[in-house]
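Examining the three-dimensional arrangement
Okay, here's what each chain looks like letter by letter:
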Amino acid sequence: MAIKLENVGIAVRDIEAAIAFFTDLGLSVVGRDEVSGEWASTAVGLDGNHAKIARLQTPDGQGRLELFEYIHPDAIEPTPTLPNEIGMHRVAFSVDDIDAALEIAAKHGCHPLRGVANYENIYKLTYLRGPSDIIVMLAQDLTRN
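Bear in mind that the values here come from a model prediction, so they are computed numbers and not experimental data.

Spatial strand order, E1-E4-E3-E2: 4 strands in an open sheet with mixed pairing. Every interior strand has two partners, whereas the edge strands, strand E1 (8-11) and strand E2 (28-36), have only one. Strand-to-strand twist in this sheet, taken as the mean axis angle between neighbours without regard to direction, amounts to 20 degrees. With 4 bridges connecting them, E1 and strand E4 (residues 64-72) associate as parallel partners.

If you want it as structure tokens, here you go:
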């Protein structure tokens, strides 16, 4: 059986703010939609499911996010996820310049949880809270020039 990862789906409070954050980091919007109806309720398992959706892609075309903002039913506010909690808790991106990426993130009010780490002069990396408290990892490969 062949299998391929299509995207990572993330529910957000404000789809426009999330789109702005991720597109400023370099992703591009490849589709937008509003979904509802019986098929959407059946697929997702929520009666009356109605959501705004945006599909984003990394410049290399390999990584994709699907952001969705629920119109109905109301979104449920979680406690912000911690890095050591079980379950999905972050989305990670390789960047050419972590300092430039952090400047972009800061324009959206997003800053490293603690700082930028240097892993054995191979990677500079950090976790930050993006829109809707999504944990975003940024990593710069120091072995590439």
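By size, the foremost hydrophobic cluster in this structure holds 25 residues, and its most contacted members are Phe21, Phe22, Leu67, Phe93, Leu128, Val136 and Leu138. Put simply, the parts of the chain that give this core at least two residues each are helix H1 (15-25), strand E3 (50-57), E4, strand E5 (90-94), helix H3 (98-107) and strand E8 (135-141). When residues of this core are assigned to their parent elements, the largest contribution, 6 residues, is made by H1.

Where strands meet in a sheet, backbone hydrogen bonds hold them as pairs that are either parallel or antiparallel. Taken together, the 4 strands give an open sheet; going across it, the order is E5-E8-E7-E6, and neighbouring strands pair in mixed fashion. Sheet topology places E5 and strand E6 (117-119) at the edges, where each strand pairs with a single neighbour. With strand direction ignored, the average angle separating the axes of adjacent strands in the sheet is 25 degrees. On top of the sheet, H3 reaches strand E7 (123-129) and E8; it is set at about 10 degrees to E7, its chief contact.

Let's shift gears to the layout of surface pockets. Roughly 600 Å³ of volume is contained in the largest pocket. Taken together, 25 residues line the largest pocket, and the ones lying closest to its centre are Ile10, Ala11, Pro78, Ser132 and Ile134. Elements with a minimum of two residues in the lining of the largest pocket: E1, E4 and E5. Looking at the lining of the largest pocket, the element that brings in the most residues is E1, giving 3 residues. Of the residues that constitute the lining of the largest pocket, the class distribution is 14 nonpolar, 5 polar and 6 charged. Considering only enclosed or pocket space, the second largest pocket measures out at about 230 Å³ in volume. Along the wall of the second largest pocket there are 13 residues; nearest its centre are Leu27, Thr58, Pro59, Phe93 and Ser94. Ranked by the residues each element gives to the lining of the second largest pocket, the list is headed by E5, at 3 residues.

What counts as what
- Residues numbered from 1 in each chain as written.
- Predicted model: local features only at pLDDT ≥ 70, side-chain atom pairs only at ≥ 80, totals over all residues.
- Heavy atoms only, no water.
- Pairing = 2+ DSSP bridges.
- Helix = DSSP H or I, 4+ residues; strand = E, 2+ residues; numbered from the N terminus.
- Axes fitted to C-alpha atoms, helices over the stretch in contact; angles between N-to-C directions.
- Core = buried A, V, L, I, M, F, W, Y, C linked by side-chain atoms within 4.5 Å.
- Buried < 20%, exposed > 50% of the residue type's maximum accessible area, 1.4 Å probe, protein only.
- Contact = heavy atoms within 4.5 Å.
- 1 Å grid on protein atoms, 1.4 Å probe; cavity = no way out; pocket = protein on both sides within 12 Å on 5 of 7 lines; lining within 4 Å.
- Points joined across faces, edges and corners; volume = space filled by probe spheres on them.
- Nonpolar A, V, L, I, M, F, W, Y, C, P; charged D, E, K, R; others polar.

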